[in-house]
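Below are the chains, spelled out letter by letter.
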Amino acid sequence: MSIATLHSLRSVQLQVPTLAESTDFYSEVWGLSVVEQDHDDTWLRGTGENHHVLQLTRAARNGLGAISFAVRTPAEVDEAARRLALRGIPMLAEPGALDQAGGGYGIRFADPEGRVIELVADVHAVKPLDRDRPVPIGVTHVVLNTVDIDRAVAFYTDVLGMRVSDWSEHQMAFLRCNTDHHSIAFNQAAWTSVNHVAYEMPSMDHFMRGIGSLKQQGVTPLWGPGRHGPGNNTFSYFADPAGLVCEYTSDVAQVVEDQWLCKVWRRVPELSDLWGTAGPPSKDVRSHMAGIEDAGVFADRPDLAASYAPATARDLVEVAR
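Cut-offs used in this document
Think of each chain on its own: its residues are numbered from 1, step by step along the sequence as written. Confidence filtering applies because this is a predicted model: local features only for residues at pLDDT of at least 70, side-chain atom pairs given and counted only at 80 or more, and all residues used for totals across whole chains, interfaces and linings. By convention in this description, side-chain values take in all heavy atoms of the structure and omit both hydrogens and water. What counts as a ring pair is set by centres within 6.5 Å for rings of Phe, Tyr and Trp (its six-membered ring), and what kind of pair is set by the plane angle: stacked under 30 degrees, edge-to-face over 60, tilted for all other angles. By definition, any uninterrupted DSSP run of H or I lasting at least four residues is a helix, any uninterrupted run of E lasting at least two residues is a strand, and each is numbered from the N terminus. Buried residues are those whose accessible area, probed at 1.4 Å on protein chains only, stays under 20% of the maximum for their type, while exposed residues exceed 50% and partly exposed ones sit between those limits. Two limits define a charge over a ring: the Lys NZ or Arg CZ must be within 6 Å of the ring centre, and within 35 degrees of the ring normal. Should a side-chain nitrogen of Lys or Arg be within 4 Å of a carboxyl oxygen of Asp or Glu, the pair is scored as a salt bridge. Residue count minus one, scaled by 1.5 Å, sets the expected span of a helix. The arc in question is traced by the directions running from the helix axis to the C-beta atoms. Residue contacts follow a heavy-atom distance rule, with two residues in contact if any of their heavy atoms lie within 4.5 Å. Only strands that DSSP links by at least two bridges are regarded as paired with each other. Fitting a line to C-alpha atoms yields each axis, with helices limited to the stretch in contact; the angle taken between N-to-C directions then spans 0 to 180 degrees.

What follows deals with the packing of aromatic side chains. On inspection of all chains with the given rule, the structure shows 15 aromatic pairs. A centroid spacing of 5.7 Å and a plane angle of 75 degrees characterise the contact between Trp-30 and Phe-238, whose relative ring orientation is edge-to-face. Pair noted here: Trp-30 is in the loop between α1 (19-29) and β2 (33-37) and Phe-238 is in strand β15 (residues 234-239), with a separation of 208 residues, a long-range link. Comparing Trp-30 with Phe-238 shows no difference in burial state: the two are buried. Members of the aromatic cluster, joined through ring pairs, are Phe-25, Tyr-26, Trp-30, Tyr-199, Phe-238 and Tyr-248. Note that Lys-263 overlies the ring of Trp-260, its terminal NZ or CZ placed 4.5 Å from the centroid.

This is the structure we're talking about:
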């Protein structure tokens, strides 16, 4: 049994050495709006109800700060903490009120590669904004580079209760927590890092108008526009001032649980881009998506890393059972 039923991907925290420049990019160019800001952090929202969908944090180098998932009630947060303890998975923050912009009641813990995961309920809501403008609703998925895709998938399915929607051979796995085809995807890589963060546009028209708006401001795609095979979503990838990859996307496939069949897609250009407009990703795109090796919270807490070794995520589940 998983520790919780995830409702949605709520927000992502990125660590950047270019806080001022990145804040200007995401607020003035990308289309998000600043909701709160201090010396070391900026919180930005989309047009949806989430208080913020992106937190930028000042750091010496690029990295993933945290991934935040919404659950429905504080009682579910408490139960998740209890189940984590049964599995022997240490918590970084015990259940309680979160001292952060937007508030909320939550817990934090690490996955087997040091990524910080937050489960939170009762975060402040904000009034939805006009969706006529070609700007993002919010964050729709995060792709993560992993050194062990099987271990990563095992943890996020067995512990977090996500479901595998599709594979791209044995190179990528697409995981969902609701009807969206994927909220998290893993890419087998040489090191652990964030590959890219994707932002949902309300429609294909908004998607194309958004790309046009960026072009008028001198920002051109690293790769795209096109349409992926796995997930069927449109894509156009860009680099932010810190060199992290951000994506405009729309039209992601919707999963009907009792009808969906998980597939293994071949990794060929005609399936990575069904339209044939973008072509295969260039070396520059792949270099940006590889990111910088990131040990996450394990860099400062090697004791936490030791708690996952030599057991695998699946081993932890078996022990709990």
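Moving on, we come to the pattern of salt bridges. Taken as a whole and judged by the stated rule, the model has 13 salt bridges. With a closest N to O distance of 3.3 Å, Asp-205 and Arg-209 form a salt bridge. On the criterion of helical spacing, the pair formed by Asp-205 and Arg-209 is a turn pair, its members being four residues apart in helix α4 (residues 204-216). Look at Arg-209 and you get partly exposed, because its relative accessible area is 35%. Sharing partners across several salt bridges, the network here consists of Arg-10, Arg-108 and Glu-118.

A word on α4. Here α4 spans 18 Å end to end across 13 residues, near enough to the 18 Å set by a 1.5 Å rise per residue. Restricting attention to buried positions, one finds in α4 the residues His-206, Phe-207, Gly-210, Ile-211 and Leu-214. Along α4, the residues classed as buried sweep out an arc of 140 degrees about the axis, all on the same side. In α4, the exposed positions angled more than 90 degrees off the buried face are occupied by Lys-215 and Gln-216.

Along the chain, Gly-224 connects to Pro-225 via a cis peptide bond; the corresponding omega equals 5 degrees. Residue position: Pro-225 is located in strand β14 (residues 223-227). Phi at Glu-169 takes a positive value of approximately 45 degrees, unusual for a residue other than glycine. Secondary-structure assignment places Glu-169 in the loop between β10 (163-168) and β11 (172-176). Classification of Glu-169 as partly exposed rests on a relative accessible area of 39%. Positive phi outside glycine occurs at Asn-232, with the angle close to 60 degrees. Along the chain, the position of Asn-232 falls in the loop between β14 and β15. On the basis of relative accessible area, Asn-232 is assigned to the partly exposed category, the value being 33%.

Structurally, Pro-90 can be placed in the loop between α2 (74-87) and β6 (91-97). For the pair formed by Pro-90 and Ser-307, sequence separation is 217 residues and the distance between their alpha carbons is 7.8 Å. Not counting the four nearest positions on each side in its chain, Pro-90 is found in contact with Phe-109, Ala-110, Leu-304 and Ser-307.

Our next topic: the environment of Val-142. Looking at the element boundaries, Val-142 is found in strand β9 (residues 138-146). Discounting residues that sit within four places of it in the chain, Val-142 has contacts with Leu-9, Val-12, Ser-183, Ile-184, Ala-185, Val-194, His-196 and Val-197.

Bringing the sheet that holds β2 into the picture now. Overall, mixed pairing links the eight strands, which are arranged β2-β3-β4-β1-β5-β8-β7-β6 in an open sheet. In this open sheet, the two edge strands, each paired with only one partner strand, are β2 and β6. Ignoring strand direction, the axes of neighbouring strands in this sheet form an average angle of 20 degrees. In this structure, strand β1 (residues 8-16) lies alongside strand β5 (residues 63-70), joined through seven bridges in antiparallel fashion. Across the sheet, Leu-14 pairs through a bridge with Leu-64, a residue of β5. The strands touched by α1 are β1, β2, β3 (41-45) and β4 (54-58); relative to β4, the strand with the most contacts, the crossing angle is about 165 degrees.

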